[in-house]
Amino acid sequence: MSPIPACPGPERLAVAAADVPGLVEGLRCFADGLPSPRWTAGRADGAAGRTAWCFGGHGGQWTGMGRALPGWSPVAAEVLAELDGLLPGGVTGPLASPPGAGADGPGTAQPLIFALQVATARWLLSLGLRPDAVVGHSLGEVAAAHVAGVLTLPEAARVVATRSRLLARVSGGGAMATIGLDRRTVERRCAGTPGTVVVAAHSAPRETVVTGASDAVGALVGALETEGVRCRTIRIDAASHSPYVDGVLPELRAELAELSPAAPRVPWVSTVDAPRAPTTDAGPGPGPGTDSGPGPGPGTDSGLDPNSGATPVPAADTGPKSAVGTGPDPTTSAAPESDAGTPGPSALGSADYWARNLRRPVRFTEAVSALADRGFRAFVEIGPHPVLARPIRDTLRAEGVAAPLVAASGHRGTPEPVSLLRLLGALYCRGLDLPGLPRLPGRPDRPDRLDQPDRPGHPGRPRLPRRPHHPTPHPPVPPQERQP
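This text gives an overview of the structure that appears in the document. (Residues numbered from 1 in each chain as written. Predicted model: local features only at pLDDT ≥ 70, side-chain atom pairs only at ≥ 80, totals over all residues. Heavy atoms only, no water.)

Examining the overall build of the protein
Here is step 1 of the chain: Per the secondary structure count, the protein includes 14 helices and 13 strands.
Here is step 2 of the chain: For the protein, the exposed surface amounts to about 19500 Å²; the carbon and sulfur share of it is 56%. (Helix = DSSP H or I, 4+ residues; strand = E, 2+ residues; numbered from the N terminus. Areas by Shrake-Rupley, 256 points an atom, 1.4 Å probe, with all protein chains shown as cover.)

With respect to empty space enclosed by the protein
Here is step 1 of the chain: Applying the stated criterion across every chain yields a total of six cavities of 30 Å³ or more.
Here is step 2 of the chain: The calculated volume of the largest cavity comes to roughly 280 Å³.
Here is step 3 of the chain: Lining the largest cavity are 25 residues, and of these Gly57, His58, His137, Val209 and Ile234 sit closest to its centre.
Here is step 4 of the chain: When contributions to the lining of the largest cavity are tallied by element, the ones reaching two or more residues are α7 (153-169), β5 (174-179), β6 (197-204), β7 (207-213) and β8 (231-234).
Here is step 5 of the chain: Among the elements that take part in the lining of the largest cavity, β6 stands out by supplying three residues, more than any other.
Here is step 6 of the chain: Of the residues contributing to the lining of the largest cavity, the split by class is twelve nonpolar, ten polar and three charged. (1 Å grid on protein atoms, 1.4 Å probe; cavity = no way out; pocket = protein on both sides within 12 Å on 5 of 7 lines; lining within 4 Å. Points joined across faces, edges and corners; volume = space filled by probe spheres on them. Nonpolar A, V, L, I, M, F, W, Y, C, P; charged D, E, K, R; others polar.)

Remarks on helix α8 (residues 183-191)
Here is step 1 of the chain: Looking at α8, one finds that the buried residues are Arg183, Arg184, Thr185, Val186, Glu187 and Cys190.
Here is step 2 of the chain: Sitting at the amino-terminal end of α8 is Asp182, which places a side-chain oxygen 3.2 Å from the backbone nitrogen of Arg184. (Buried < 20%, exposed > 50% of the residue type's maximum accessible area, 1.4 Å probe, protein only. Polar contact = N/O pair within 3.5 Å; in protein donor to acceptor, adjacent residues only side chain to side chain.)

Focus on the sheet that holds strand β10 (residues 378-382)
Here is step 1 of the chain: Read from one edge of the open sheet, five strands run β9-β4-β3-β10-β11, paired in parallel fashion. The sheet is open, and its two borders are formed by β9 (268-269) and β11 (405-408), each paired with just one other strand.
Here is step 2 of the chain: Sheet analysis places strand β4 (residues 133-136) next to β9, joined by two bridges and oriented parallel. Within β9, the residue paired with Val135 across the bridge is Val269.
Here is step 3 of the chain: Contacts from helix α12 (residues 364-373) reach β3 (51-55), β4, β9 and β10 within the one sheet, and its direction differs from that of β4 by about 165°. (Pairing = 2+ DSSP bridges. Contact = heavy atoms within 4.5 Å. Axes fitted to C-alpha atoms, helices over the stretch in contact; angles between N-to-C directions.)

A closer look at the environment of Ala48
Here is step 1 of the chain: Tracing the chain through its elements places Ala48 in the loop between β2 (39-43) and β3.
Here is step 2 of the chain: For the pair formed by Ala48 and Phe379, sequence separation is 331 residues and the distance between their alpha carbons is 8.4 Å.

A word on the sheet that holds β5
Here is step 1 of the chain: Pairing in this open sheet of four strands is antiparallel, and the strands run β6-β7-β5-β8 from one edge to the other. The strands lining the two open edges of the sheet, one partner per strand, are β6 and β8. Each adjacent strand pair in this sheet contributes to an overall mean axis angle of 25°, direction not counted.
Here is step 2 of the chain: Two elements, β5 and β7, share six bridges in a ladder whose sense is antiparallel. Bridging across to β7, Ile179 finds its partner in Thr208.
Here is step 3 of the chain: Contacting β5, β6 and β7, α8 crosses the sheet at an angle of about 170° to β6.

Looking at unusual backbone geometry
Here is step 1 of the chain: Even without being a glycine, Ser138 presents a positive backbone phi close to 60°.
Here is step 2 of the chain: Considering the arrangement of structural elements, one finds Ser138 in the loop between β4 and α6 (140-147).
Here is step 3 of the chain: Positioned with a positive phi, Ala403 is a non-glycine residue whose angle comes to about 50°.
Here is step 4 of the chain: Relative to the helices and strands, Ala403 is located in the loop between α13 (389-398) and β11.
Here is step 5 of the chain: The exposure class of Ala403 is partly exposed, given its relative accessible area of 47%.

Overview of helix α14 (residues 416-429)
Here is step 1 of the chain: The end-to-end C-alpha distance of α14, which contains 14 residues, comes to 20 Å, matching closely the 20 Å that a straight helix rising 1.5 Å per residue would cover.
Here is step 2 of the chain: Across the 14 residues of α14, 14 count as buried, placing the element largely inside the fold.
Here is step 3 of the chain: Two residues or fewer past α14, Gly431 is found with a positive phi of approximately 110°. (Expected span 1.5 Å × (residues − 1).)

Quick notes on the nonpolar core
Here is step 1 of the chain: Grouped together as the largest cluster of nonpolar side chains are 102 residues, with contacts concentrated most on Trp53, Phe114, Trp268 and Trp354.
Here is step 2 of the chain: Of the residues forming this core, the biggest block, ten residues, is contributed by helix α5 (residues 106-126).
Here is step 3 of the chain: Those residues in contact with Phe114, other than ones at most four positions away along the chain, are Leu83, Leu87, Val142, Ala143, Leu153, Ala156, Ala157 and Val160.
Here is step 4 of the chain: Formed by 17 residues, the second largest nonpolar core is a distinct cluster that contains Ile179, Val197, Val217 and Val229. (Core = buried A, V, L, I, M, F, W, Y, C linked by side-chain atoms within 4.5 Å.)

As structure tokens, this is what we get:
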């Protein structure tokens, strides 16, 4: 089950499947020009030379996720075993058991999503792979902070346990949905919808997440769908990033007060304090109460120094925080800030930071744009199923990034050993060396080659299947390897 380099040089091929017959079938599909999740091909153009690891939030969970990972990767198993003692309810038991009632709720799903993100990241690190930057979306910022070295694993687990428990307390009656429109248009539509519904995330230039009361979110989604707007409801009954969480923020801040965040060893691009991207949509600007303050002024560096391990100083957050509610911002306290009015580096990963993370809109598209401005073309989403791939591609397209690499570590219904090896294949095909490539079981001397005769005149290189004169139908990919 290893990616198979077809030949050295600029053009590369990688095939991954659950067994050798699957590998042979993947090669035949490639030779016949048939699409298949088993093979990946590309030009080693160096796109994978600077890679950002991205960690998604709620919504990627699926029944059976993570079950194949501990038995395949001792490194991942060790991380999951450690988290068993750090997260209420444990990890390995819930992953191996059928889901019960409330499996999609934040108190159950979010600790498991975090555990798989951290275990997968630790496996990639064990292979010698290193991110050049990390970025997280909502819950995913906790895993990003840990991988960046800002939080220890016990500290990160405490943030997730506290955050998910308090969010579960205010669950019931809330809803979230993804809307295929730019944030300013969505802000105007939220303002015209009865009830509480606000923008929760700027995911892409034309993808915005809304949150609020379930009836208000449902009314907005229903109205937009009748107009032909693409909408998708997120499987959660809690309204994070909205006034619904204001009541638990003081408790969250108090329970996380003893965190001691360290300086990042890997650049971490915040999606809480990320700079606001220039608005590209036409039409009037946002009305009163929208989250659209000014970006960084002259002389400020709102982005990331690729030569430094430090997180960028985030832009000032001067605009109002939501379309609903008045009075002081409940996400802030008396924590010191820099002279420019922006949180200093020590504030990143603090209790106040995680209060802002739960309450304020997620500025994911702004963070991806900042990375694109600094030459990043490879983005790897780490989690059980991709929830950020479309927003990343849409943002990079708007930024004019040519031929980016957007890959994911997990896919719904696909065992982790298969999906992770496909990820390695995608990185390899775009020029990344894989010093710690996993070995095929039973073949320690040939970690990345088929059990096939060597090609004449090319020792060590397997003979590829010949292209048939009349291609025959290929059997479908087995259900256990399917990748939506």
